[in-house]
Amino acid sequence: MADTEGVAPDASPPVTEAQAAPDAPSRSLLRFSPPVLLGVGLVLAAATSSLVGMDRAEWIAAGILAAAALLLQLWWDRSARSRPGPGAAGAVYYTLRSALAFGLAWINPFCAFYAAAGCFDTERLVPRRWVPLGLLATAATIAGAQIGGLPPDNTAKWVFYGMLVAVNLGIFLTVQQDAGKEEDRARKRVATIRELEHANLALERALVENAALHDQLMLQAREAGIADERRRLAAEIHDTVAQDLTGVITQLQVVTDTREQGMARAHAERALQLARHSLGEARRAVANLAPVALAEDDLPEALKKTVTRWSEHTGVHAEFTLTGSDEPLHDEVEATLLRIAAEALSNAARHAKAGRVGVTLSYMGEEVVLDVRDDGQGFDPSALPEPGTASGFGLKGMRARAERLAGELTVESEPGLGTAVSARVPSVPHER
């Protein structure tokens, strides 16, 4: 989040060259169009003076008005720097310029070109409420040129002059309104762009914050997973290796306390057997961290080999059966089922005194079921030994493994009728 601390959320982005460019031609037009149009009008007036019939007095008057127009323009160029935009000074400038344009057009209609400057800059000079009057002054001057000069010399021309003033004023107002709407749209576009930029900045900040939160959650998830695995290993070691080592200590304590050689030898032999068993349990716990059998075979084949090795080791007849459509499962699901099967077989070897064992793996759509059955002496499930006894992790550990995968483990047994252990877990497909 440190990367975004220097970003001011409410700061407006600087106006780019692309945004400023449209105003540059307008300012140039506002500044240079009046003198340029005045020059065009005077040139045309000189070329048509014989047709219009300008005498010496009219030329002098036109020269005085043109000089006044140039002086007015020089004054405005200086004043506009300190007072830009519509205002009283702009209205004065526009009024005087319109009056000079009207006088020049009265002398020679071609000088009305000077008045045409009002079509471009009225709204930039005159306050909004006076814009129609400014355009009316421009329309009156241009209409006078359109009828051939002022003043009209008969009633028909006066009527026609009034019609031209109305038409020109309507055209000017329409163009001015369209230009105003376009400027409003441009301002809205700029405002929208700025809002989008602010939204993008806020989104970037949110993404950075979310990334930091995601990292924190991932760290917490890893820590929770490590803690859960530590608890599992602690239970595994406590209920196997630790219990056997406790038995070894007990047997050796008896050896040290007795003076009878026969009893000492018997207890020493028991301690040796417990130590060997503890070593086997330790090796099994290490192997359970990463089942070697699954590294070489799929789950059905690994279970089949496990059952075969167990049968050869114990001398008890055991069979493996596969039902349903075999399909790859998630690594954790396969490892859990294999560990439950190994633990169930180990329990059967130590406690059941069975003559026959059956292991069945069933693929049932959304679930996978592992059943381990024996015809041994059975037991009363309600009278299971306490977790602190040498019977160890056993059924409690198998149930914990199944529940860790949102599954369940059930045990059915009665004294003399054998035991059936069933583990049911979700069929989570293998991650590609």
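Here, every reference points to the structure presented above.
To start, this report covers the structure provided alongside it. (Residues numbered from 1 in each chain as written. Predicted model: local features only at pLDDT ≥ 70, side-chain atom pairs only at ≥ 80, totals over all residues. Heavy atoms only, no water.)

## As for the overall build of the protein
Regarding its fold elements, the protein presents 13 helices and five strands. Going through the 432 residues of the protein one by one, you find that 35% of them count as buried. For the protein, long-range pairs separated by at least 24 residues make up 71% of all intrachain contacts whose partners lie at least 6 apart in sequence. A total of about 25500 Å² of accessible surface is found on the protein, and carbon and sulfur atoms cover 61% of it. (Helix = DSSP H or I, 4+ residues; strand = E, 2+ residues; numbered from the N terminus. Buried < 20%, exposed > 50% of the residue type's maximum accessible area, 1.4 Å probe, protein only. Contact = heavy atoms within 4.5 Å. Areas by Shrake-Rupley, 256 points an atom, 1.4 Å probe, with all protein chains shown as cover.)

## A closer look at the packing of aromatic side chains
Applying the stated criterion to the full structure yields four aromatic pairs. When the centroid spacing of 4.9 Å and the interplanar angle of 10° are considered together, the rings of W76 and Y93 count as stacked. Taken as a pair, W76 in helix α4 (residues 56-82) and Y93 in helix α5 (residues 88-107) lie far apart in primary sequence, 17 residues in all. Taken together, W75, W76 and Y93 form an aromatic cluster joined through their ring pairs. (Phe/Tyr/Trp six-rings, centres within 6.5 Å; stacked < 30°, edge-to-face > 60°.)

## Describing α4
Here α4 spans 40 Å end to end across 27 residues, near enough to the 39 Å set by a 1.5 Å rise per residue. Residues of α4 that are buried: A62, A66, A69, L72, Q73, W76, D77 and S79. (Expected span 1.5 Å × (residues − 1).)

## Description of the sheet that holds strand β3 (residues 367-374)
Strand order in the open sheet made by the five strands is β1-β2-β3-β5-β4, with mixed pairing throughout. At either margin of the open sheet sits one strand with a lone partner, and together these are β1 (317-323) and β4 (408-413). Neighbour to neighbour, the strand axes of the sheet diverge by 10° on average, direction disregarded. Sheet strands touched by helix α12 (residues 331-352): β2 (356-364), β3, β4 and β5 (419-426). Its angle to β3, the strand with the most contacts, is close to 10°. (Pairing = 2+ DSSP bridges. Axes fitted to C-alpha atoms, helices over the stretch in contact; angles between N-to-C directions.)

## A look at the pairing of β2
In regular strands, side chains alternate between the two faces of the sheet. By the criterion of burial, β2 is predominantly enclosed, with seven of the nine residues buried. Pairing between β1 and β2: seven bridges, direction parallel. Residue pairing across strands places T323 opposite S362, the latter belonging to β2. Between β1 and its parallel partner β2, the chain crosses via α12, and the hand of that crossover is left-handed. (Right-handed = clockwise from strand over helix to strand, strands pointing away.)

## Digging into the packing of α5 against helix α7 (residues 131-146)
Look at α5 against α7: their axes get within 9 Å of each other, and the N-to-C directions meet at 10°. On the basis of their axis angle, the class for α5 and α7 is roughly parallel. Contacts from Y94, S98, A101, F102 and A105 in α5 reach G134, L135, A137, T138 and T141 in α7. (Parallel < 35°, antiparallel > 145°, perpendicular 65-115°, else oblique.)

## With respect to the side chain of T138
Residue placement: T138 occurs in helix α7. Side-chain polar atoms of T138 contact the side chain of Y94, separated by 2.6 Å. Apart from the residues within four sequence positions on either side, T138 is in contact with Y94, A115, G118, C119 and F172. (Polar contact = N/O pair within 3.5 Å; in protein donor to acceptor, adjacent residues only side chain to side chain.)

## Quick notes on the environment of D297
Take D297: it is sitting in the loop between α10 (292-296) and α11 (299-314). Ignoring sequence-local partners within four residues, the contact set of D297 consists of A302 and K305. Polar side-chain contacts of D297 include one of 2.9 Å to the side chain of K305.

From the geometry alone we can't say anything about function, so treat these as descriptive.
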